[in-house]
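Architecture at a glance
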Amino acid sequence: MLEIAEEELNYLNQIASEIKYPKGQIIFSTSQKANEVYYIKSGLVKIYRTTSDGRQVSVALRYPGDFIGLAEVLSNINEREYSAEAMDNVSILIIWKDGFKKMMAELPMFSEKIVRLMSDRLREAQNTIYDFIMNPIQGRLAIFLLAMAERSGDKGADGIIHVRLRVTQEELACVIGSARQTISSLLNLFKEDGSIQYEGREIVGVNPNKLKTWIQE
């Protein structure tokens, strides 16, 4: 996530159009023309690809304050290589490619932030590959839940990260590369262990110390 200065946000608001997407709606899809950059104002967005047999493989989650659709625009690739879907109600600023590039040229500090963001995502991709090699499914699930909680939750005095993770078992299975039934069993183990806390069907608390015991480093 970028720290957007007031000047930069004002610039974005001037050149962008705001659109709201309900949960489950596709924001952009594979092979679509890559003419826009998207800035997430609120909500959670899943980035994924669809395999030849129709399965979705999630590659990233993006949060409020994130840009999506950057890689194709900055690389002058004409078509999207991934799809994006709203995981809850999402509000997004859509910025046309030419306007975004003009903004980068006129605001050098903003341009530096975008370069750092792309560098961070490269490291994120490298770490993901490492984590998938080093960890069995339970470790990968623990890493993912911990990352989501740290990104969108608040840590209490008791050390518990208080958060509402509105992600389904099917979506977790897509991200982790597993079956939904396996994810369900692991979540029950995490709950019994005290690594996560539930309220109804939502994860509302994560214990970082206990969750880390499932991770091989």
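Note that the structure is predicted; figures quoted are calculated from it, not measured. (Residues numbered from 1 in each chain as written. Predicted model: local features only at pLDDT ≥ 70, side-chain atom pairs only at ≥ 80, totals over all residues. Heavy atoms only, no water.)

Our focus in this paragraph is the packing of aromatic side chains. Evaluation of the coordinates by the stated rule reveals 6 aromatic pairs. Pairing F190 with W214 gives two aromatic rings, centres 4.8 Å apart and planes at 55 degrees, and the pair type is tilted. Residue F190 is found in helix α7 (residues 180-193), and its partner W214 is found in the segment after α8 (208-212); the two are separated by 24 residues along the sequence. Clustering of aromatic rings is evident, with ring pairs tying together Y39, F67, F100 and F110. Positioned above the aromatic ring of Y82 is the side chain of R49, whose terminal nitrogen or guanidinium carbon lies 4.9 Å from the ring centre. Seen from the ring of F28, R80 lies directly overhead, with NZ or CZ sitting 4.6 Å from the centre. (Phe/Tyr/Trp six-rings, centres within 6.5 Å; stacked < 30°, edge-to-face > 60°. Helix = DSSP H or I, 4+ residues; strand = E, 2+ residues; numbered from the N terminus. Lys NZ or Arg CZ within 6 Å of the ring centre and 35° of its normal.)

A word on the layout of surface pockets. By volume, the largest pocket amounts to about 1600 Å³. As for the largest pocket, its lining consists of 50 residues, of which V59, A60, R62, E124 and T128 are closest to the centre. Listing elements by their share of the lining of the largest pocket, those giving two or more residues are β5 (56-62), β6 (67-68), α2 (70-74), α4 (108-134), α5 (137-152) and α6 (169-176). Among the elements that make up the lining of the largest pocket, the one with the highest residue count is α4 (14 residues). Lining the lining of the largest pocket are residues from two domains, each supplying at least three of them: domain 1 (6-132) and domain 2 (136-213). In terms of lining, the second largest pocket is formed by 16 residues, of which the most central are V167, T168, Q169, Y198 and R201. Counted by class, the lining of the second largest pocket contains 6 nonpolar, 5 polar and 5 charged residues. (1 Å grid on protein atoms, 1.4 Å probe; cavity = no way out; pocket = protein on both sides within 12 Å on 5 of 7 lines; lining within 4 Å. Points joined across faces, edges and corners; volume = space filled by probe spheres on them. Domains from an automatic or database assignment. Nonpolar A, V, L, I, M, F, W, Y, C, P; charged D, E, K, R; others polar.)

As a further point, take the packing of α5 against α6. With their axes 10 Å apart at the nearest point, α5 and α6 run at an angle of 110 degrees to one another. When the axis of α5 is compared with that of α6, the two are roughly perpendicular. Here the hand of the crossing between α5 and α6 comes out right-handed. Residues I137, R140, L141, F144 and L145 of α5 lie in contact with α6, whose contacting residues are L172, V175 and I176. (Axes fitted to C-alpha atoms, helices over the stretch in contact; angles between N-to-C directions. Parallel < 35°, antiparallel > 145°, perpendicular 65-115°, else oblique. Left-handed = near helix turned anticlockwise from the far one by under 90°. Contact = heavy atoms within 4.5 Å.)

Moving on: the nonpolar core. Proteins that are soluble and globular tend to have nonpolar side chains buried together. If you look at the biggest cluster of nonpolar residues, it comprises 28 residues, and the most contacted ones within it are L141, L145 and V206. If you list the elements that add at least two residues to this core, you get α5, β10 (161-165), α6, α7 and β12 (202-206). Looking at this core element by element, the count peaks at 7 residues for α5. Counting contributing residues per domain, this core is built from domain 1 (6-132) and domain 2 (136-213), each supplying no fewer than three. (Core = buried A, V, L, I, M, F, W, Y, C linked by side-chain atoms within 4.5 Å. Buried < 20%, exposed > 50% of the residue type's maximum accessible area, 1.4 Å probe, protein only.)

So, about the UniProt feature "domain: HTH crp-type" (unreviewed entry) in the chain. In the UniProt entry, the feature "domain: HTH crp-type" (unreviewed entry) is given for residues 135-209. Secondary structure content for residues 135-209 is 53% helix and 21% strand, and the end C-alpha separation is 17 Å. (UniProt positions renumbered as here; feature names shortened; annotations may be inferred.)

Moving on: the pairing of strand β8 (residues 90-96). In terms of burial, β8 is a largely internal element, 6 of the 7 residues being buried. As paired strands, strand β1 (residues 17-21) and β8 are joined by 5 bridges and run antiparallel to one another. Directly across from S17, in β8, lies its bridge partner I94. Examined bridge by bridge, strand β3 (residues 36-42) and β8 share 6 bridges and lie antiparallel to one another. Within the sheet, the bridge partner assigned to E36 lies in β8 and is W96. (Pairing = 2+ DSSP bridges.)

Let us now look at the pattern of salt bridges. By the definition in use, this model includes 13 salt bridges. In this structure, the salt-bridge partner of K113 is E8, at a minimum N-O distance of 2.9 Å. Of this pair, K113 sits in helix α4 while E8 sits in helix α1 (residues 6-15), and the two are 105 residues apart along the sequence. Residue K113 shares its accessibility class with E8, and that shared class is buried. (Salt bridge = Lys/Arg side-chain N within 4 Å of Asp/Glu carboxyl O.)

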